[in-house]
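# Structural overview for review
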Amino acid sequence: MTVLRRSLLAAAAATLAAAAVAPAFAQDIRPRLIRFGYGLNEQSNQGRAVKVFAEEVERLSGGKMKIRAFGGASLGSDNQMQQALIGGAQEMMVGSTATLVGIAQEMALWDTPFLFNDVREADAILDGPIGEKVKARLEPKGLVGLVYWENGFRNLTNNKRAITRLEDLDGVKLRVMQNNVFLDSFRSLGANAVPLPFSELFSALETKAVDGQENPFNTIVSSKFYEVQKFLTVTNHVYSPWIVTVSRKFWDGLSAAEKKVLVDAAKKSRDFERKDTRDEAARALADLKARGMQVNALSPAEAARMRDRLTRVNASVATSVGMDLWQETQGALAKLRAK
Ligand code: TF8
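Being a predicted model, the structure only gives us computed values, none of them experimental.

## A word on the overall build of the chain
Each helix and strand counted, the chain has 13 helices and 11 strands in total. Against the globule reference of 20 Å for 339 residues, the chain gives a C-alpha radius of gyration of 22 Å, in line with a compact fold. For the chain, the spread of C-alpha atoms along the principal axes amounts to about 80 × 40 × 35 Å. A separation threshold of at least 6 residues defines the contact pool for the chain, and within that pool the share at least 24 residues apart is 75%. Within the structure as shown, the chain displays about 15100 Å² of accessible surface, and the carbon and sulfur contribution to it stands at 54%. Mean positive and mean negative side-chain charge positions of the chain (46 and 38 charges, respectively) differ by 3 Å.

This is the structure:
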């Protein structure tokens with residue numbers, strides 16, 4: 001090898017090494033202010049992860065890109081924020097995938113009752129090609145999905161009675177997310193299901209406009225639902241993801257380096273969020289009991305009856321998301337379960 005060639009190679013290697021530590025060239029990152037909205041409060045798993053995201057964006061951009069976080073639905077409900085992102089009036093948010101079904105039907109896949117048996121399955125499908133495919137459906141609608149976070153397995157609370165049998169749900173006025181799969185699911189269980197934005201839920205429970213709701217343990221703790229709900233039934237009826245999204249109007253104006261900052265920070269926040277959420281969920285049940293909630297699990301026979309009723313909505317989910325995607329998901333899950 002000639003001396004010249006060797007020094008050229010060394011120079012190239014040095015450039016690559018520099019790129020590895022500082023992937024973005026400073027001049028490609030401009031000062032940016034990003035308004036990031038979310039529905040839960042600052043002390044929730046959602047709030048903690050938004051903070052990690054914000055710190056990481058600031059660090060990776062050398063302080064040029066700033067996240068201004070707005071919790072507690074102060075910029076609006078999930079649906080309102082989605083519209084603000086599409087219109088370009090807000091840059092980022094994190095919220096439920098369930099409220100995105102009106103924008104991209106394929107999101108209904110995640111509303112399938114009992115789709116995932118555990119978080120290992122959830123992570124593998126959400127972070128794999130199927131999760132990517134569903135996420136990509138948002139782009140033509142004006143949203144860019146970065147990563148999925150964990151909202152978690154959902155459980156039922158109410159104020160009327162302990163739910164020990166399917167029939168106990170009869171006439172229970174139950175708030176559900178603004179999403180047809182959830183509406184159909186709980187109607188098929190006999191509840192009087194009413195769709196409401198999350199931002200109105202606490203006061204609806206407090207004023208007894210509704211009797212109950214369903215959300216992961218974490219949210220029942222962080223939103224203080226234990227103050228206004230007596231009975232908690234462990235159903236784990238569906239795993240809900242959250243999704244971090246960016247306004248496409250804003251995204252399209254970013255440089256490659258700026259996009260990379262957001263993507264890398266989003267991945268870091270996802271890994272933090274999932275661990276934090278799982279740690280908190282593991283403690284939450286004891287916490288809720290200590291706060292006076294009356295907790296029950298369903299007997300295996302009743303759980304099977306509920307599961308059977310709920311999975312009657314599967315056919316309509318398959319129609320909304322398309323048979324190909326449905327089959328692909330079932331195939332991927334079968335493969336994971338065979339391992
Ligand atoms: C719900 C969801 C909420 C989310 C959150 C506000 O019940 O589970 O946790 O939408 O982002 O609405």
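Having seen the structure, we can now continue with the description.
## A closer look at the domain arrangement of the chain
Assigned domains of the chain: these are domain 1 (31-150 + 241-282) and domain 2 (155-239 + 284-338). A straight line from the C-alpha centre of domain 1 to that of domain 2 covers 23 Å. Contacts between the two partners involve 41 residues from domain 1, matched on the other side by 38 residues from domain 2. Both faces considered, domain 1 and domain 2 share a buried interface measuring about 3300 Å² in area, 62% of it formed by carbon and sulfur atoms. Counting the surface domain 1 buries against domain 2, the share from its top three residues, P113, F114 and I130, is 20%. At the junction of domain 1 with domain 2, the criterion picks out two salt bridges. Residue E328 is joined to K133 by a salt bridge in which the shortest nitrogen-to-oxygen separation is 2.6 Å.

## Focus: the environment of G131
Residue position: G131 is located in helix α5 (residues 129-136). Each C-alpha atom of the pair G131 and L166 lies 32 Å from the other, and the pair is 35 residues apart in sequence. Aside from chain neighbours lying at most four places away, what touches G131 is W110, I125, L126 and Y148.

## Notes on the site of the ligand
Taken together, 13 residues sit near the ligand, with D78, N151, R154, R175 and N215 positioned nearest. A distance of 2.8 Å separates an oxygen atom of the ligand from a polar side-chain atom of D78. Taking 320 Å² as the accessible area of the ligand by itself, protein coverage stands at 98%. Residue classes in the shell around the ligand are distributed as four nonpolar, six polar and three charged. Residues from two domains meet in the shell around the ligand; each of domain 1 (31-150 + 241-282) and domain 2 (155-239 + 284-338) gives at least three.

## So, the environment of F198
On the secondary structure map, F198 appears in the loop between β7 (192-195) and α7 (201-206). By relative accessible area, which is 23% here, F198 ends up partly exposed. Considered as a pair, F198 and R175 are 23 residues apart in the sequence and their alpha carbons are 9.0 Å apart. Every residue in contact with F198, bar those within four places of it in the chain, is listed here: G39, L40, R175, N215, T219, S223 and F225.

## Re the pairing of strand β2 (residues 65-70)
In this structure, strand β1 (residues 32-38) lies alongside β2, joined through six bridges in parallel fashion. Its bridge partner being in β2, I34 is matched across the sheet by I67. Following the chain from β1 across helix α2 (residues 45-60) to the adjacent parallel β2, one finds a crossover that is right-handed.

## Side note on the sheet that holds β1
With respect to topology, five strands assemble into an open sheet ordered β2-β1-β3-β10-β4, the strand pairing being mixed. Of all the strands in the sheet, the pair left with one neighbour each is β2 and β4 (143-153). Direction aside, neighbouring strands of the sheet carry axes that sit 20° apart on average. Contacts from α2 reach β1, β2, β3 (92-96), β4 and β10 (239-247), with the element oriented near 165° to β2. The sheet strands contacting helix α10 (residues 256-290) are β1, β2, β3, β4 and β10, and the helix crosses β4 at an angle near 5°.

## Topic: the pairing of strand β9 (residues 231-234)
For strand β5 (residues 155-158) and β9, the ladder comprises three bridges, and the chain directions are antiparallel. Bridge pairing links L156 to T233 in β9. Here four bridges tie β9 to strand β11 (residues 294-297), and the two strands are oriented parallel to one another. When the sheet's bridge partners are listed, V234 is paired in β11 with A297.

## A few points about the side chain of N218
Note on placement: N218 falls in helix α8 (residues 217-222). Of note is the side chain of N218, whose polar atom sits 3.0 Å from the backbone oxygen of T277. A polar contact of 2.7 Å, which involves the side chain of N218, links it to the side chain of E280. Filtering out sequence-adjacent residues up to four positions away, N218 remains in contact with N45, T277, E280 and A281.

What counts as what
- For every chain, the first residue of the written sequence is number 1, and numbering continues from 1 onward in sequence order.
- Where local features are concerned, this predicted model is filtered to residues with pLDDT of at least 70; where side-chain atom pairs are given and counted, the filter is 80 or more; whole-chain, interface and lining totals use all residues.
- Hydrogens and waters are ignored; side-chain quantities use all the structure's heavy atoms.
- Secondary structure elements are taken from DSSP: a helix is a run of H or I of four residues or more, a strand is a run of E of two residues or more, and numbering for both begins at the N terminus.
- Both definitions apply: the radius of gyration is a C-alpha atom measure, and the globule rule equals 2.2 Å times residues to the power 0.38.
- By definition in these notes, contact holds between two residues if any of their heavy atoms fall within 4.5 Å.
- What sets the accessible areas is the Shrake-Rupley method with a 1.4 Å probe; for residues, cover comes only from the shown protein chains.
- Asp and Glu count as negative and Lys and Arg as positive, but His and the ends of the chain are not part of the count.
- Charged groups are reduced to one reference atom each: NZ for lysine, CZ for arginine, CG for aspartic acid, CD for glutamic acid.
- What marks off one domain from the next here is an automatic or database domain assignment.
- Each of two parts loses accessible area, computed with a 1.4 Å probe, when they are put together; buried area is these two losses added.
- Salt bridges, as used here, are contacts in which a Lys or Arg side-chain nitrogen is within 4 Å of a carboxyl oxygen on Asp or Glu.
- For this description, a residue counts as near a given molecule or strand if any of its non-hydrogen atoms is within 4 Å of it.
- Here a polar contact means two N or O atoms within 3.5 Å. Within protein one must be a hydrogen donor candidate and the other an acceptor candidate, and residues neighboring in sequence count only if both atoms are side-chain atoms.
- The residue classification treats Ala, Val, Leu, Ile, Met, Phe, Trp, Tyr, Cys and Pro as nonpolar and Asp, Glu, Lys and Arg as charged. All others, Gly included, are polar.
- Each residue's exposure class comes from its accessible area (1.4 Å probe, protein chains only) as a fraction of the maximum for that residue type: buried when under 20%, exposed when over 50%, partly exposed otherwise.
- Strands qualify as paired when DSSP identifies two bridges or more between them.
- For the handedness criterion, the strands are oriented away from the viewer, and a crossover whose path from the first strand over the helix to the second runs clockwise is classed as right-handed.
- Here an axis means a line fitted to C-alpha atoms, over the contact stretch when the element is a helix, while the angle between two N-to-C directions is reported on a 0 to 180 degree scale.

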